[in-house]
Amino acid sequence: MTDTPRRVLLDEHELPRHWYNITADLPEAPPPPLHPGTHEPIGPDDLAPLFADALIAQEVSSERYIEIPEEVRDVYAMWRPTPLIRATRLERLLDTPAQIWFKYEGTSPAGSHKPNTAVPQAYYNAREGVRRLTTETGAGQWGSALAFAATQFDLECEVWQVAASFQQKPYRASMIRTWGATIHSSPSELTAAGRQVRERDPDSPGSLGIAISEAVEAALADDATHYALGSVLNHVLLHQTVIGEEALTQFAKVGLTPDLIIGCTGGGSNFAGLSFPFLREKLAGRMSPHILAVEPASCPTLTKGEYRYDFGDLAGMTPLMKMHTLGHDFIPDPIHAGGLRYHGMAPLISHVYELGLIDATAMPQTACFEAGLNFARTEGIIPAPEPTHAIAAAVREALACRESGEEKVILTAVCGHGHFDLSAYDAYLSGELVDHELDTDQIAEAMSRVPVIAE
Ligand SMILES: *Cc1c(COP(=O)(O)O)cnc(C)c1O
């Protein structure tokens, strides 16, 4: 047995009362989103047809702490606070003097961190009289989280899932239907955007960009319907800070502070949720953790992308956001960590990266699955393919500590379980999983279609 506890649990009354808004503490405000047509900064009116007023207010807020409504805390309490667990058996396998801790977000009903934002998004929309939410989903993690949240507040929910995933991964769709939501394979016949694609290509495998266009179109067509997004935006990152706030309390209980914080980044929400409360402490001079974002080598937005204004979607309908991007029509290779295949990075993460407050690294998927397998065989939990990126980087750091003798305290997030991704583990175990060579020509081509904005 070790000298510190293996699991640090919090009581229900220790569930955070506030979300943390990092913009209040940054030396410079992030650049504003711009209207896709006029290139002028957008205002709340531009977002009102799609999002609840309370969420728009959070999107542009510079207040440090935003109170979590009691109704939201009541749903959070179904699985939060989540455990902080020390991976002692993984440490032993690696023979490292480092401590590896992970915040486990797979205990939520949908099995990932995504309900942390789906629940408040559903709550505020219901409070403002909205009756139906639409969204897109790739592998299905976000769609299932929103379906769960919608049923808690008696909202209808309609999900457009990328056709290829709809066919290959049927069980997330089953979850979505079980929670009472409707799911469509995208492109569908239900929207002009979907019909247009199907006319050209009846067997289109779909894409997140097309699915976003369909969900947005359906929301705009009806006053009682709004749209919900599962990552990237400021209010989504804000809601995820419950992860880091809990982890801070948990570390305080065992008298430790992390030396290194590692998270995986797709759109950036779980990474921001874990790290931003610690970054607040670092900016205030109370601790000095090194903070590292890990992205897939096939979609390296932070390490290889440019910091430019670009669209959030393929069709160029969203506001222009200043972010690290590989180009809005860049299509990454079909790696199994579907949640990390986004062409851009959250504007807030991109901004703190530009300010030099965080670092980034990219990992190929076979190394990630190897680490995921070692994690599963020691700690028991089978991680989703996305967090295996963070685990792989933590393992690399822990092995470096074996060489240097450093007793670093490493913190990471296992932001979801992999129970719906077992076909990816099968592919790895049978040796079929490969690392794709990054197509730099495709990136250059996609970047040439990013609009040039005079700043
Ligand atoms: C969606 C998802 C991600 C990627 O999204 P972020 O906003 O970067 O967190 C990562 N892991 C899991 C388990 C997901 O469901």
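A short tour of the structure in this document, coming up. (Residues numbered from 1 in each chain as written. Predicted model: local features only at pLDDT ≥ 70, side-chain atom pairs only at ≥ 80, totals over all residues. Heavy atoms only, no water.)

Below, the discussion takes up the pairing of strand β11 (residues 290-296). With six of seven residues buried, β11 is to be regarded as a mostly interior element. As paired elements, strand β10 (residues 260-264) and β11 share five bridges and run parallel to each other. Bridging across to β11, C264 finds its partner in V294. Crossover handedness for the path β10 to helix α13 (residues 269-283) to β11: right-handed. (Buried < 20%, exposed > 50% of the residue type's maximum accessible area, 1.4 Å probe, protein only. Helix = DSSP H or I, 4+ residues; strand = E, 2+ residues; numbered from the N terminus. Pairing = 2+ DSSP bridges. Right-handed = clockwise from strand over helix to strand, strands pointing away.)

With that settled, the discussion passes to the packing of helix α9 (residues 192-200) against helix α10 (residues 208-220). Across the interface, α9 lies against α10 with an axial gap of 8 Å and an inter-helix angle of 145 degrees. Across the interface between the two elements, A192, A193, G194 and V197 of α9 pack against I210, S213, E214 and E217 of α10. When grouped by side-chain class, the residues that make up the contact of α9 with α10 number four nonpolar, two polar and two charged. (Axes fitted to C-alpha atoms, helices over the stretch in contact; angles between N-to-C directions. Contact = heavy atoms within 4.5 Å. Nonpolar A, V, L, I, M, F, W, Y, C, P; charged D, E, K, R; others polar.)

The next subject is the pattern of salt bridges. Scanning the entire structure with this criterion turns up 18 salt bridges. Residues R449 and D329 are paired through a salt bridge, measuring 2.5 Å at the closest nitrogen-oxygen approach. Highlighted residues: R449 in the segment after α19 (440-448) and D329 in the loop between β13 (320-325) and α15 (347-354), separated in sequence by 120 residues. According to the relative accessible area criterion, R449 is partly exposed, its value standing at 43%. When salt bridges with common partners are traced through the structure, they connect R80, K103, E105 and E246 into a single cluster. (Salt bridge = Lys/Arg side-chain N within 4 Å of Asp/Glu carboxyl O.)

As a rule of thumb, soluble globular proteins bury nonpolar side chains together. Ranked by internal contacts, the top residues of the largest apolar core, which has 37 residues, are W19, V72, Y76, V119, Y124 and L146. Taken together, the elements giving at least two residues each to this core come down to α2 (53-60), α3 (70-76), α5 (115-127), α6 (141-152), β7 (156-162) and α8 (170-178). The element that contributes the greatest number of residues to this core is α6, accounting for seven residues. Among the nonpolar cores identified, the runner-up in size contains 35 residues, and I22, V254, F278 and I349 belong to it. (Core = buried A, V, L, I, M, F, W, Y, C linked by side-chain atoms within 4.5 Å.)

Surrounding the ligand, one finds 15 residues, the nearest of these being K114, S231, G266, S269 and N270. A distance of 3.3 Å separates an oxygen atom of the ligand from a polar side-chain atom of Q141. Within the side chain of N270, an N or O atom sits 2.8 Å from an oxygen atom of the ligand. Burial of the ligand by the protein amounts to 97% of the accessible area it has alone, namely 380 Å². In terms of residue class, the shell around the ligand is built from one nonpolar, 12 polar and two charged. (Near = heavy atom within 4 Å. Polar contact = N/O pair within 3.5 Å; in protein donor to acceptor, adjacent residues only side chain to side chain. Areas by Shrake-Rupley, 256 points an atom, 1.4 Å probe, with all protein chains shown as cover.)

A separate point is the sheet that holds strand β9 (residues 225-227). Spatial ordering of the open sheet is given by β8-β7-β6-β9, a layout of four strands whose pairing is parallel. The open sheet has two edge strands with one neighbour each: β8 (182-186) and β9. Taking each pair of neighbouring strands and ignoring which way they run, the sheet shows an average axis angle of 25 degrees. Sheet topology note: the β7/β8 ladder contains five bridges and is parallel. Of the residues in β8, the one forming a bridge with E158 is T182. Contacting β6 (132-137), β7, β8 and β9, α10 crosses the sheet at an angle of about 170 degrees to β6.

So, on to the packing of aromatic side chains. A complete count under the given rule lists 13 aromatic pairs for this structure. Among the aromatic side chains, those forming a connected cluster through ring pairs are Y76, W79, F148 and W179. Sitting over the face of the ring of Y20, R280 holds its NZ or CZ atom 4.6 Å from the ring centroid. (Phe/Tyr/Trp six-rings, centres within 6.5 Å; stacked < 30°, edge-to-face > 60°. Lys NZ or Arg CZ within 6 Å of the ring centre and 35° of its normal.)

A separate point is helix α12 (residues 242-253). Helical geometry: 3.6 residues make up each α-helical turn, so side chains three or four residues apart lie on a common side. The terminal C-alpha atoms of α12 lie 17 Å apart, and with 12 residues this matches the ideal 16 Å at 1.5 Å per residue to within 8%. Of all 12 residues in α12, nine are buried; the element is thus mostly enclosed. Burial in α12 covers these residues: V242, I243, G244, E245, E246, A247, L248, Q250 and F251. (Expected span 1.5 Å × (residues − 1).)

The grouping of D11, E12, E71 and D74 at the surface amounts to a negative patch. Secondary-structure assignment places D11 in the loop between β1 (7-8) and β2 (18-20). When its relative accessible area of 46% is taken as the criterion, D11 is described as partly exposed. (Patch = residues over 30% accessible without salt bridge, like charges linked within 9 Å, V, L, I, M, F, W, Y side chains within 5 Å. Lys, Arg positive; Asp, Glu negative; His and termini not counted. Charge placed at Lys NZ, Arg CZ, Asp CG, Glu CD.)

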